[in-house]
Amino acid sequence: MALWKPDPTFYASPRDAASAPPEKLAYVAAFDRAAEKPDAIAVLDVDPGSASYGSVVGWTDLPYLGDELHHFGWNACSSALCPGSPHPHVERRYLIVPGLRSSRVYVIDTKDDPVAPKIIKTLEPDELAKRAGYSRPHTVHCGPEGLYLTALGGANGDDGPGGIALLDHTSFEVLGRWEVDRGPQYLAYDAWWHIAHDVLITSEWGTPSMVEDGVVGELLLGRKYGHSLNFFDLRKRKHVQTVDLGDEHQMVLELRPAHDPTKQYGFAGVVVSVEDLSASVWVWHRDGDAWAATKVITIPAEPADAASLPPVIQPFGAVPPLVTDIDLSVDDQWLYVSCWGTGELKRYDVSDPFNPVEAGSVRIGGIVNRTPHPAARDTPLAGGPQMVEVSRDGERVYVTNSLYGSWDDQFYPDGVGAWMAKLDSTPDAFTFDDRFFPNGDAFRGRRPHQTRLQGGDASSDSYCYP
């Protein structure tokens, strides 16, 4: 639905977004690993002044089994205010929710009753396959001319290549494949951009057969998972350059570009090095007329008794950090790095992106440590900080503990559980909020994954004005 004025949750600049009112609700994807119950969108009260603060206050079941909800996003965001945008008066109303395993895409309306979102459209897998040639939709980003939906797999049984499908803002129909010339790009995962510079970047995980049954040891040690960044001309939809991080750096996942549209750098997280089990964070940046990437953070593995490790990593005698998500505050100062294996969430001051300074760390869960939450000190926790979401003002950080069904089972074979936590982040402190710890039965037997905040968050929007 079009508005006479732009949506008030759209902000011309990151500075404006950072001064926005605090969110009151959070939407969380929750999936049933056994596929015996439908996946759902859980709605959480995140208003500290509310009597139901920290509780699940709304729930929307999906109509089918086995979707495996993973990442999802808003239908529209601040990029709609970019010059030349054909859709300046759309509104941030619908959640676009892909099923990573089923290849369905749900459109869920949050406007009329924000705590009881309603499914208003379902795109079946054959539509995505027929019109874009893709399957296994993964990540959603709202651009000025449509919705960018990254996908891991090809259509009609083809394992790849993965890529990007473009959806219409208002009808939510699949317009087609985004790439005109993909060049050598084959593996896919995330996509983001420097929208004011007509640059799109993609990262690499693996095809469906490489990831759906968990980490394949032969592929990992054979260095077959993704290890490159791909750069495209955003307007021409054409591949420009590949930057290889080195094939020892396996699984280049989350991309977080600078929110300041005058800057041309961003951060990419790498899950693991096959040489020493460390994880890393890289900065991509301009190098003359080309693109380059520089490793700026290395997080080492932690030695452990093999008897305390799951079979998948017992031969190594160490716990890999497994950096599976990163998030950048809207003011581009703080980078949050989730170490799902060791159960640590790190905070870095990245005011100088080439010289990050660690500025806080908390522990919760972990393959070996099983660190409890401060609100339940006698309850060891499985899983670890996984998906990270940051409020627009940067003062609140939300984490959930499940990564991906098959990976959960490999690294936490005794069960990953279900929990969500919130941290308060100030220049001088980085600590858990003891009042916020939905867990266990709160998620009705499902595992929580990505979080989206009402009105937008640090990884929802891109801006065209500094």
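Anything mentioned here points back to the structure above.
Residues numbered from 1 in each chain as written. Predicted model: local features only at pLDDT ≥ 70, side-chain atom pairs only at ≥ 80, totals over all residues. Heavy atoms only, no water.

### Quick word on the overall build of the protein
- Of the regular secondary structure elements, the protein holds five helices and 30 strands.
- Radius of gyration (C-alpha) of the protein: 20 Å, near the 23 Å computed for a compact globule of 466 residues.
- When the backbone C-alpha atoms are referred to their principal axes, the protein occupies close to 60 × 50 × 45 Å.
- Sorting the 466 residues of the protein into buried and exposed places 63% on the buried side.
- For the protein, the share of sequence-separated contacts (at least 6 apart) that also reach a separation of at least 24 residues comes to 58%.
- Surface accessibility of the protein: about 16300 Å² in total, with carbon and sulfur atoms responsible for 50%. (Helix = DSSP H or I, 4+ residues; strand = E, 2+ residues; numbered from the N terminus. Rg over C-alpha atoms; globule rule 2.2 N^0.38 Å. Buried < 20%, exposed > 50% of the residue type's maximum accessible area, 1.4 Å probe, protein only. Contact = heavy atoms within 4.5 Å. Areas by Shrake-Rupley, 256 points an atom, 1.4 Å probe, with all protein chains shown as cover.)

### Concerning the packing of aromatic side chains
- The final tally for this structure, using the stated rule, is 17 aromatic pairs.
- Here tyrosine 94 and phenylalanine 172 contribute two aromatic rings whose centre-to-centre distance is 5.2 Å and whose plane-to-plane angle is 70°, an arrangement assigned as edge-to-face. Placement of tyrosine 94 in strand E5 (residues 94-98) and of phenylalanine 172 in the loop between strand E10 (163-167) and strand E11 (174-177) is noted, with a sequence separation of 78 residues between them. No difference in accessibility class separates tyrosine 94 from phenylalanine 172, as the two residues are buried.
- Centre to centre, the rings of tryptophan 340 and tyrosine 412 are 5.1 Å apart; their planes meet at 70°, and the pair counts as edge-to-face. Of this pair, tryptophan 340 sits in the loop between strand E23 (334-339) and strand E24 (344-349) while tyrosine 412 is found in the loop between helix H5 (405-411) and strand E28 (420-426), placing the two residues 72 residues apart along the sequence. A single burial state applies to tryptophan 340 and to tyrosine 412, both of which are buried.
- Of the aromatic side chains, those joined through ring pairs into one cluster are Tyr189, Trp205, Trp340, Tyr404, Trp407, Phe411 and Tyr412.
- Just above the ring of tyrosine 64 sits the side chain of arginine 104; from NZ or CZ to the centre is 3.8 Å.
- Positioned above the aromatic ring of tryptophan 334 is the side chain of arginine 347, whose terminal nitrogen or guanidinium carbon lies 4.1 Å from the ring centre. (Phe/Tyr/Trp six-rings, centres within 6.5 Å; stacked < 30°, edge-to-face > 60°. Lys NZ or Arg CZ within 6 Å of the ring centre and 35° of its normal.)

### Some thoughts on empty space enclosed by the protein
- Going through the model one piece at a time under the given rule, you end up with five cavities of 30 Å³ or more.
- Of the voids in this model, the largest cavity is the one considered here, and its volume is about 190 Å³.
- Lining the largest cavity we find 21 residues, and of these Trp193, Pro257, Ala258, His259 and Ser462 sit closest to its centre.
- At the level of secondary structure, the elements contributing two or more residues to the lining of the largest cavity comprise strand E12 (191-194), strand E16 (249-257) and strand E22 (323-328).
- For the lining of the largest cavity, a count of residues per class yields 11 nonpolar, five polar and five charged.
- In this structure, the second largest cavity occupies an estimated 80 Å³ of space.
- Lining the second largest cavity are 13 residues, with His70, Tyr189, Trp205, Leu253 and Leu403 positioned closest to its centre.
- Residues belonging to the lining of the second largest cavity are distributed by class as follows: seven nonpolar, five polar and one charged. (1 Å grid on protein atoms, 1.4 Å probe; cavity = no way out; pocket = protein on both sides within 12 Å on 5 of 7 lines; lining within 4 Å. Points joined across faces, edges and corners; volume = space filled by probe spheres on them. Nonpolar A, V, L, I, M, F, W, Y, C, P; charged D, E, K, R; others polar.)

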